[in-house]
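Chain by chain, the residues run as shown.
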Amino acid sequence: MGTHVLIAPLYPPVQSARSMTTIDLVSGARLRPGFGIGWSPEEYQAAGLDFGRRGARMDELLDALEALWTEGPAQHNGVRLPAPLHHSPLKPAGKPCPPFCLGALSERGLATVVPRDDGWLPLCVVPSFVGIDGLIAQRSPLDRLAREVGRAPEESDTVLRVNIDAGTGVTQVADTIRLVHERTGIDHCMVDPMHAVKTVDETIDHARDVLGLIAEG
């Protein structure tokens, strides 16, 4: 159970930590949140936050979540996201804390991913923007940065978000996912048919059909 992606810097750390802890406990340690800093200045403006400081806010949020998930009583002495010392008995089922993934495109963003996450969250759109060569090009510095900090590249998972353009058939989606796997080695995907279907039932049917075709291949 995860998100691809939650614009995490928009939310107070105590609220985020408690909400995700509840999901992790109810699901039996199956939570794997995916965080991103977002691309929309309007979202940050609506939340009363500085869009230009979103990266620094994300860094501090991750520090705060680690403290809130592992300490008791817990606190975080942050500049932007302080959390005063408080009782925090509710802890995640996954220890020491739920594994999480980060979305990043630039090398600067990828440098943030490597030291502190369990995975990377890239994106493609079928069929308008698959960008296999781009995925390979982005993964290369991620692997290099991992080796520089003493981590094996395979320790950082990749979960590809697959958005689907309206009118795209399930066969084309399945073939694209299969091709991406063959070219890049990515074998974890989250398929989002939001633009291809209109109802929840259609979403379930679409996902089932795509998975069935991939399994057959």
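Residues numbered from 1 in each chain as written. Predicted model: local features only at pLDDT ≥ 70, side-chain atom pairs only at ≥ 80, totals over all residues. Heavy atoms only, no water.

**A look at the pairing of strand β8 (residues 157-164)**
Consideration 1: Among the 8 residues that make up β8, 8 are buried, leaving the element largely enclosed by the rest of the structure.
Consideration 2: Burial of β8 is two-sided: the residues Asp157, Val159, Arg161 and Asn163 facing one way and the residues Thr158, Leu160, Val162 and Ile164 facing the other way are all buried.
Consideration 3: Of the pairings in the sheet, the one linking strand β7 (residues 123-126) to β8 comprises 4 bridges and is parallel in character. Note on β8: the bridge partner recorded for leucine 123 is arginine 161.
Consideration 4: Two strands pair when backbone bridges link them, and β8 and strand β9 (residues 188-192) are joined in this way by 5 bridges, in the parallel orientation. Within β9, the residue paired with valine 159 across the bridge is histidine 188. (Buried < 20%, exposed > 50% of the residue type's maximum accessible area, 1.4 Å probe, protein only. Helix = DSSP H or I, 4+ residues; strand = E, 2+ residues; numbered from the N terminus. Pairing = 2+ DSSP bridges.)

**Let's talk about the environment of arginine 32**
Consideration 1: By the secondary structure assignment, arginine 32 is in the loop between α1 (13-26) and β2 (34-36).
Consideration 2: Among the residues examined, arginine 32 registers a relative accessible area of 29% and is labelled partly exposed.
Consideration 3: Measuring from C-alpha to C-alpha, the distance between arginine 32 and proline 98 comes to 6.2 Å, with 66 residues separating the pair along the chain.
Consideration 4: Apart from the residues lying within four places of it in its own chain, the contact partners of arginine 32 are Met1, Gly2, Thr3, Pro99, Cys101, Asp118, Gly119 and Asp157. (Contact = heavy atoms within 4.5 Å.)

**Quick word on the packing of α1 against helix α3 (residues 54-70)**
Consideration 1: It is the contact of α1 with α3, at a shortest axis distance of 9 Å, that shows an interaxial angle of 55°. In terms of their interaxial angle, α1 and α3 are classed as oblique. Once α1 is placed against α3, the crossing between them reads as right-handed. Between α1 and α3, the residues in contact are Pro13, Val14, Ser16, Ala17, Met20 and Thr21 and Leu61, Ala64, Leu65, Leu68 and Trp69, respectively.
Consideration 2: For the contact of α1 with α3, the residue count by class is 9 nonpolar, 2 polar and no charged. (Axes fitted to C-alpha atoms, helices over the stretch in contact; angles between N-to-C directions. Parallel < 35°, antiparallel > 145°, perpendicular 65-115°, else oblique. Left-handed = near helix turned anticlockwise from the far one by under 90°. Nonpolar A, V, L, I, M, F, W, Y, C, P; charged D, E, K, R; others polar.)

Note that all results are geometric; they support no functional claim without further evidence.
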